Amino acid sequence: MKRIQINHIVVNEDILKEIKRYMVAPWQRYLLLLTGIIAFVASVMNFMNKQYPLGIILVVLGVVCFFEIYWLNNKKYKDILKTMQKETEKSENIYTLIFGSDALTIRNCDMATDNKMTYERMKKIIETSSTYTVFGKKNQFAVIRKDALKMKPEELFDFIKTKETKIKKFPNA
């Protein structure tokens, strides 16, 4: 198989809500989580040593780190939704995905624009209840709705496995 084309992928607010927790880069999420945990542990130690001002500052730092994780998830989701509504004046966009020989072409049918994601830039595939989402470097992603996929997911994954990607784990289809 030289290429795979998936037509009429509708991306709307519900789909974006479903994948929003994956939009933040994992290293950002882990770094904030680790910083928050260390701040809480250090604050407990400071409270035990009766160093209350430093303990309070560390508790505030921990709370800010956890709030930042939540805020980043919502900010990315809202930014994408706002851009989608501003450019097309619709609450949903229709895409066609073309898995070619050297890259994935993401064609926005509403705006008649194409974006490419080379296979080398693909980092992971996430499965949610109604989508498979391919994430690439620099916050690039492509949504594959399960109801738009006219082939078995294994066939698509086998095709992607023949390419040079950075994807280590594929969903169990």
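Conventions adopted
Residues numbered from 1 in each chain as written. Predicted model: local features only at pLDDT ≥ 70, side-chain atom pairs only at ≥ 80, totals over all residues. Heavy atoms only, no water. Patch = residues over 30% accessible without salt bridge, like charges linked within 9 Å, V, L, I, M, F, W, Y side chains within 5 Å. Areas by Shrake-Rupley, 256 points an atom, 1.4 Å probe, with all protein chains shown as cover. Salt bridge = Lys/Arg side-chain N within 4 Å of Asp/Glu carboxyl O. Helix = DSSP H or I, 4+ residues; strand = E, 2+ residues; numbered from the N terminus. Buried < 20%, exposed > 50% of the residue type's maximum accessible area, 1.4 Å probe, protein only. pLDDT = per-residue confidence, 0-100. 1 Å grid on protein atoms, 1.4 Å probe; cavity = no way out; pocket = protein on both sides within 12 Å on 5 of 7 lines; lining within 4 Å. Points joined across faces, edges and corners; volume = space filled by probe spheres on them. Nonpolar A, V, L, I, M, F, W, Y, C, P; charged D, E, K, R; others polar.

### Section: a nonpolar patch on the surface
1) Next: Residues L33, I37, V41, M45 and F66 make up a contiguous nonpolar surface patch of roughly 410 Å² in combined accessible area.
2) Next: Sorting elements by how many residues they give to the nonpolar patch places helix 2 (residues 26–48) first, with 4 residues.
3) Next: Assignment of secondary structure puts F66 in helix 3 (residues 52–88).
4) Next: Classification of F66 as partly exposed rests on a relative accessible area of 30%.

### Remarks on the confidence of the model for the chain
1) Next: This prediction gives the chain a mean pLDDT of 91; 99% of its residues lie at or above 70.
2) Next: Element-level pLDDT for the chain is lowest in helix 1 (residues 13–19), with a mean of 90, against a maximum mean of 95 in helix 2.

### Structural notes on the layout of surface pockets
1) Next: Within this model, the largest pocket holds a volume of roughly 490 Å³.
2) Next: Surrounding the largest pocket, 22 residues form its lining, I80, Y95, I106, N115 and F141 being those nearest its centre.
3) Next: Taken together, the elements giving at least two residues each to the lining of the largest pocket come down to strand 1 (4–12), helix 3, strand 2 (92–99), strand 3 (103–108), strand 4 (113–118) and strand 7 (141–145).
4) Next: A total of 4 residues in the lining of the largest pocket trace back to one element, the largest contributor, which is helix 3.
5) Next: Its residues assigned to classes, the lining of the largest pocket comprises 12 nonpolar, 7 polar and 3 charged.

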